[in-house]
Amino acid sequence: MKPIPRVLFVASLTLAALGARADEVQVAVAANFAVPLARLGEGFTAATGHSLKISAGATGKFYSQIVAGAPFDVLIAADDETPRKLIAEGLAVTGSNFTYAVGKLVLWSAQPGLVDDQGAVLAAGRFAHLAIANPKVAPYGAAGLEVLKARGLGEAVAPRLVTAESIAQAYQFVSTGNAELGFVALSQVAVPGKPTVGSYWLVPSNLYGEIRQDAVLLRAGANKPAAAALLAYLKGAKARELIKSFGYGL
């Protein structure tokens with residue numbers, strides 16, 4: 001299929017700028033960004049009158065659903081590869097993709113004091129289970145495996161890995177005590193206005209590939225002013241300030 005021409009995206013932005021009737025945007029969002037998007041959605045609705053219908057999950061699974069015809073208007077991914085692939089396959093609008101955040105990985109435990117500031121707990125072996133999002137569909141899961149490999153712990157820790165469907169489920173495994181440790185996003189454990197629970201190690205960025213998170217306008221939302229308006233809002237100063245407050249890089 002041919003990529004959707006950029007002119008349609010520009011036209012949608014123009015309509016949004018002129019102000020169209022209030023509409024609902026169907027958004028597929030990577031699980032690590034679900035809470036920030038909910039906060040952003042409040043400001044977006046106040047500013048535009050449009051509302052969001054949010055589905056959170058693993059980026060790879062959303063890709064499969066979109067290819068199968070899922071009617072999402074916008075994908076807010078946990079990587080930059082998936083949006084580019086969707087554009088190449090004619091399922092997203094050419095030129096609409098952009099990086100809205102750079103993700104940061106943490107090793108987290110709900111137990112205070114278990115995780116030190118160097119991540120030495122990984123080698124110490126004082127845990128039975130380490131939760132990780134499925135690396136085949138979740139970029140943060142793949143990053144977690146990179147960290148283990150970089151530390152020379154891939155084989156030693158492998159029997160203790162508990163694979164979750166998404167980073168949200170990985171967080172749930174740790175928060176409920178089903179896993180003592182887990183690789184999750186900084187945005188999940190350092191929520192603005194809430195006390196940090198447990199202990200965590202902010203993994204040095206040189207231990208894993210940069211997690212550039214891109215958003216893209218999908219084919220279903222190509223002629224939907226509300227969808228274009230959401231992407232424009234994500235680029236604005238208020239949105240960027242909120243995204244940064246959750247610990248993301250920009």
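Just so it is clear, the model here is predicted, and its values are computed rather than measured.

(A) Representation of the pairing of strand β8 (residues 181-185). Most of β8 sits inside the fold, with 5 of its 5 residues counted as buried. Here β8 shows no split at all, with L181, F183 and A185 on one side and G182 and V184 on the other all buried. Where strand β5 (residues 105-109) and β8 come together, 4 bridges link them in antiparallel fashion. The residue of β8 that forms the bridge with W108 is G182. By the bridge criterion, 2 bridges tie strand β6 (residues 130-133) to β8 in an arrangement that is parallel. What sits directly across from L130, in β8, is L181.

(B) Representation of the sheet that holds strand β7 (residues 161-164) within the structure. With mixed pairing, 5 strands are arranged side by side in an open sheet as β7-β6-β8-β5-β9. At either margin of the open sheet sits one strand with a lone partner, and together these are β7 and β9 (199-202). Averaged over all pairs of adjacent strands, the angle between their axes in this sheet comes to 30°, without regard to strand direction. Each of β5, β6, β7 and β8 is contacted by helix α8 (residues 167-175), which is oriented at about 140° to β8, the strand it contacts most.

(C) Local environment of the sheet that holds strand β1 (residues 24-30). Across the sheet, which stays open at both edges, the 5 strands sit in the order β2-β1-β3-β10-β4 with mixed pairing between neighbours. Only two strands of the sheet have a single neighbouring strand rather than two, namely β2 (51-57) and β4 (98-103). When the angles between neighbouring strand axes are averaged without regard to direction, this sheet yields 20°. On the sheet, helix α10 (residues 225-234) packs against β1, β2, β3 (74-76), β4 and β10 (211-217) and is oriented at approximately 150° with respect to β10.

(D) View of the nonpolar core. In this structure, I76 and F183 are the most contacted members of the largest nonpolar core, which totals 69 residues. Ranked by residues supplied to this core, first place goes to α10 with 7 residues. Formed by 13 residues, the second largest nonpolar core is a distinct cluster that contains A28, F62, A77 and L86.

(E) Highlighting the packing of aromatic side chains. As enumerated under the stated definition, the model contains 5 aromatic pairs in all. Look at F44 and Y233: their rings are 5.7 Å apart centre to centre, the planes differ by 65°, and that puts the pair in the edge-to-face class. Here Y233 lies in helix α10 and F44 lies in helix α2 (residues 34-48), a separation of 189 residues in the sequence. You'll find F44 and Y233 in the same group, each marked buried. Aromatic rings pair up to connect F33, Y100 and Y248 into one cluster. Looking at K85, its charged tip hangs above the ring of Y63, at a distance of 4.7 Å from the centre. Geometry around F127 places R160 over its ring, the cationic atom sitting 5.0 Å from the centre.

(F) Inspection of the pairing of β1 at higher detail. Of all the 7 residues making up β1, 5 are buried; the element is thus mostly covered by neighbouring parts of the structure. Where β1 lies against β2, 7 bridges are found, and the strand directions are parallel. Looking across to β2, one finds that E24 is bridged to S51. Chirality of the crossover, the property in question, places the unit of β1, α2 and β2 among those that are right-handed. Inspection of the sheet shows β1 paired to β3 by 3 bridges, in the parallel sense. Across the sheet, the residue bridging to A28 is L75, located in β3.

(G) Representation of the side chain of S187. Among the structural elements, S187 can be located in helix α9 (residues 186-189). On the basis of relative accessible area, S187 is assigned to the buried category, the value being 4%. Looking at S187, its side chain comes within polar contact range of the main-chain oxygen of N32, at 3.0 Å. Setting aside chain neighbours within four positions, we find S187 in contact with N32, F246 and Y248.

(H) Quick peek at the pattern of salt bridges. Counting across every chain of the model gives 4 salt bridges. Notably, a salt bridge pairs E165 with K61, separated by 3.8 Å at the nearest N-O pair. In this pair, E165 sits in the loop between β7 and α8 while K61 sits in helix α3 (residues 59-67), placing the two residues 104 residues apart along the sequence. On the basis of relative accessibility, which here comes to 39%, the residue K61 falls in the partly exposed class. For R212, the salt bridge is made with E210, and the minimal N-O distance between the two is 3.6 Å. Given the relative accessible area of 32%, R212 is considered partly exposed. Looking at E210, the relative accessible area reads 56%, which means it is exposed.

The rules behind the values
- Residues numbered from 1 in each chain as written.
- Predicted model: local features only at pLDDT ≥ 70, side-chain atom pairs only at ≥ 80, totals over all residues.
- Heavy atoms only, no water.
- Buried < 20%, exposed > 50% of the residue type's maximum accessible area, 1.4 Å probe, protein only.
- Helix = DSSP H or I, 4+ residues; strand = E, 2+ residues; numbered from the N terminus.
- Pairing = 2+ DSSP bridges.
- Axes fitted to C-alpha atoms, helices over the stretch in contact; angles between N-to-C directions.
- Contact = heavy atoms within 4.5 Å.
- Core = buried A, V, L, I, M, F, W, Y, C linked by side-chain atoms within 4.5 Å.
- Phe/Tyr/Trp six-rings, centres within 6.5 Å; stacked < 30°, edge-to-face > 60°.
- Lys NZ or Arg CZ within 6 Å of the ring centre and 35° of its normal.
- Right-handed = clockwise from strand over helix to strand, strands pointing away.
- Polar contact = N/O pair within 3.5 Å; in protein donor to acceptor, adjacent residues only side chain to side chain.
- Salt bridge = Lys/Arg side-chain N within 4 Å of Asp/Glu carboxyl O.

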